[in-house]
Amino acid sequence: MNLINIFGKVGGKMEITELSEKDIKAILKTNQYIIKNINFQNNSINGSTIKNKIKYFFKIMSSERCKQEIEGYSSIKAEYPVPRLVEYIECTDTGILIYEYVNAIKNNQGLLHDYILKCEAKNTYTSDVVKKIFQYYDKSLKKICRVNSFPMEEFYKKRINTRLLNWYKDWEINEYKIIINETININLKEIIGTLENFFEMPKTYEAFLSQGDPNTVNIGIKPIFMDLTTAGYNYIEAEIAAFMWSELIADAYFCPKYHAKSYKYHEQILCLYDNYKPNLKYSINRDKKTIKIDGNLKISKIRKKILNEYLRIFMKNNIVVGEELKYYIVMRILCIFNIREMEEIDTIYSLFCVGMFLKLEAKGKNILSNIELMIENYSEDVKIGHGETV
Ligand SMILES: Nc1ncnc2c1ncn2[C@@H]1O[C@H](COP(=O)(O)OP(=O)(O)O)[C@@H](O)[C@H]1O
Ligand SMILES: [Mg+2]
């Protein structure tokens, strides 16, 4: 990587959201980069750029976030296949990371996300592709260490005040008794209190080296791992919960529905996510303050198989995960999107998922061995296109 290249402000205030396309072009041009494509997303502005006829991937964030990503990159680059970081350009409080372009990533191709959709469309699946990805977890799980904090805390502990308490403050549903499939009773106020206490407790964590934001658009089937802001030694449970929620449910349904921008060049899902809409029956009784929900999780067979392949890696390495995994999963359900602001059926589905995952028990102390069975028993298959189940 080149040395940090600092130059003056271009235009007005250099807040990431206030950088105009013109400003970005000017900054990159000063460094001999010509922009080919640019995407304005929530967490970053990114795209492709050319310098000396070579294509690169650029990513613009606050300089603080960029430094976090450089740290993440440095910590995992020897163990995981990652695109090479070529240059870092800093302009006051904004940074531009320039990466080698992963040419295998094309329109609706190259990401784990694209691969899963292709398998679902053809209704075929062989485990070789995902095994090649998961082999790196297998290798890293051989080197476990204890840590007091970890980069992925950003998605958990650090979202207690900023999202969990903030988003769900004074929500009338907090008081409700939620009855799922006539057997599971939950109350959101109690759950929020439990999460608040749980994440407040100082602990030490069993950690392994991981990419840290394992959603299916951050992983390429080459294999290659991208988006390294939270890469490093991460708590095993935090990593498993994030992968589980993304791969099983969020990346097929909630993310494309509520954050379509993340699917730039991988837009096929935008006309498919409706197939993953749950078939739930529910009733809301505002006088009795109860919600009754009946139904199943909506997950394709292929997504279940991939999850099982993933969990097997941890079990093979004798990783024992306790019931606290549930709290990490619930944080993902409640703190990626504000479920209060969703379409009603999706608010209901989110509450349903909270109940289903909280029901998981660590029989024989290892919760991992129960996940497969629970998901199999409480999910229905997805019908794609002409009614074929996948
Ligand atoms: N080096 C790269 N070459 C090609 N595509 C990339 C590269 N790095 C990331 N991408 C693609 O761009 C998307 C956005 O980049 P990412 O680093 O994940 O930014 P964000 O933090 O906004 O999610 C990724 O999901 C991935 O599909
Ligand atoms: Mg990303």
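For every chain, the first residue of the written sequence is number 1, and numbering continues from 1 onward in sequence order. For naming, the first written chain is A and the first written ligand is 1, with later ones following in the order written. In keeping with the model being predicted, local features are shown solely for residues with a pLDDT of at least 70 and side-chain atom pairs are shown and tallied solely at 80 or more, while totals for entire chains, interfaces and linings include all residues.

Enquirer: Residue-level account of the overall build of the chain, with values.
Expert: Secondary structure elements follow DSSP: runs of H or I of four or more residues count as helices, runs of E of two or more count as strands, with numbering from the N terminus. Check the secondary structure of the chain and you find twelve helices and 19 strands. Taken over C-alpha atoms, the radius of gyration is set against a globule rule of 2.2 Å times the number of residues to the power 0.38. Relative to the globule expectation of 21 Å for 390 residues, the C-alpha radius of gyration of the chain, 21 Å, shows essentially globular dimensions. With the principal axes as the frame, the chain shows a C-alpha extent of 65 × 50 × 45 Å. Put simply, of all contacts in the chain between residues at least 6 apart along the chain, 71% involve residues at least 24 apart. Our contact criterion uses C-beta atoms placed from the backbone: two residues qualify when those atoms are within 7 Å.

Enquirer: Give me the lowdown on the packing of helix α9 (residues 301-316) against helix α12 (residues 368-377), citing residues and values where you can.
Expert: Working convention: axes come from line fits to C-alpha atoms, limited for helices to the stretch in contact. Angles between N-to-C directions cover 0 to 180 degrees. Between α9 and α12, whose axes approach to 9 Å, the crossing angle comes to 170°. Overall, the two elements α9 and α12 adopt an arrangement that is roughly antiparallel. Residues Lys 304, Asn 308, Leu 311, Phe 314 and Met 315 of α9 form the contact with α12, whose participating residues are Leu 368, Ser 369, Ile 371, Glu 372, Ile 375 and Glu 376. Here the term charged refers only to Asp, Glu, Lys and Arg, the term nonpolar to Ala, Val, Leu, Ile, Met, Phe, Trp, Tyr, Cys and Pro, and the term polar to all other amino acids, Gly among them. Class assignment of the residues belonging to the contact of α9 with α12 gives a composition of six nonpolar, two polar and three charged. By the definition adopted for this analysis, an angle is roughly parallel if under 35 degrees, roughly antiparallel if over 145, roughly perpendicular if from 65 to 115, and oblique otherwise.

Enquirer: Any chance you could break down the domain arrangement of the chain for me, citing the residues and the numbers?
Expert: Domain delimitation in this document rests on an assignment produced automatically or drawn from a domain database. Domain assignment breaks the chain into domain 1 (5-100) and domain 2 (112-389). Listed as interface residues are 15 residues of domain 1 and, on the opposing side, 21 residues of domain 2. By residue number, the principal contributor to the side of domain 1 that touches domain 2 is helix α2 (residues 63-76), which donates seven residues. Looking at side-chain class alone, the side of domain 1 that touches domain 2 contains six nonpolar, six polar and three charged residues.

Enquirer: Before we move on, could you go through the pairing of strand β10 (residues 205-210) and cite the residues and values that matter?
Expert: Taken together, the three bridges between strand β7 (residues 145-147) and β10 define a ladder with antiparallel strand orientation. Across the sheet, the residue bridging to Val 147 is Tyr 205, located in β10. The pairing of β10 with strand β13 (residues 232-235) spans four bridges and is antiparallel. Pairing of Ala 207 across the sheet is with Tyr 235, part of β13. Two strands make a pair as long as DSSP finds a minimum of two bridges between them.

Enquirer: So what's going on with the confidence of the model for the chain? Residues and values would help.
Expert: How sure the predictor is of each residue is captured by pLDDT, a score from 0 to 100. In this model, the chain carries an average pLDDT of 92, and 95% of its residues clear a pLDDT of 70 or more. Within the model, the stretch residues 1-15 combines pLDDT values under 50 with 29 contacts to residues more than four positions away or in other chains.

Enquirer: Give a detailed account of the site of ligand 1, specifying residues and quantitative values.
Expert: For each residue, a C-beta atom is placed from the backbone, and the residue counts as near a molecule or strand when that atom lies within 6 Å of it. Neighbouring ligand 1 are 17 residues, the closest being Ser 44, Phe 57, Pro 83, Val 102 and Asp 227. Taken together, the elements giving at least two residues each to the shell around ligand 1 come down to β4 (54-62) and β6 (94-100). In terms of residue class, the shell around ligand 1 is made up of nine nonpolar, five polar and three charged. Counting residues domain by domain, the shell around ligand 1 receives three or more from each of domain 1 (5-100) and domain 2 (112-389).

Enquirer: Provide a residue-level description of the pairing of β6, including the pertinent values.
Expert: The element β6 is largely enclosed, with a buried count of six among its seven residues. Sheet topology places β4 next to β6; seven bridges connect them, and they run antiparallel. What sits directly across from Lys 59, in β6, is Leu 97. Sheet analysis places strand β5 (residues 85-91) next to β6, joined by six bridges and oriented antiparallel. Across the sheet, residue Glu 87 finds its bridge partner in β6, namely Ile 98. Where β5 folds back on β6, the antiparallel hairpin that results is connected by two residues, among which Thr 92 adopts a positive phi of roughly 45°. Residues with at least 20 neighbouring C-beta atoms inside 10 Å of their own are called buried, those with 12 or fewer are called exposed, and the rest are partly exposed, where every C-beta is derived from the backbone.

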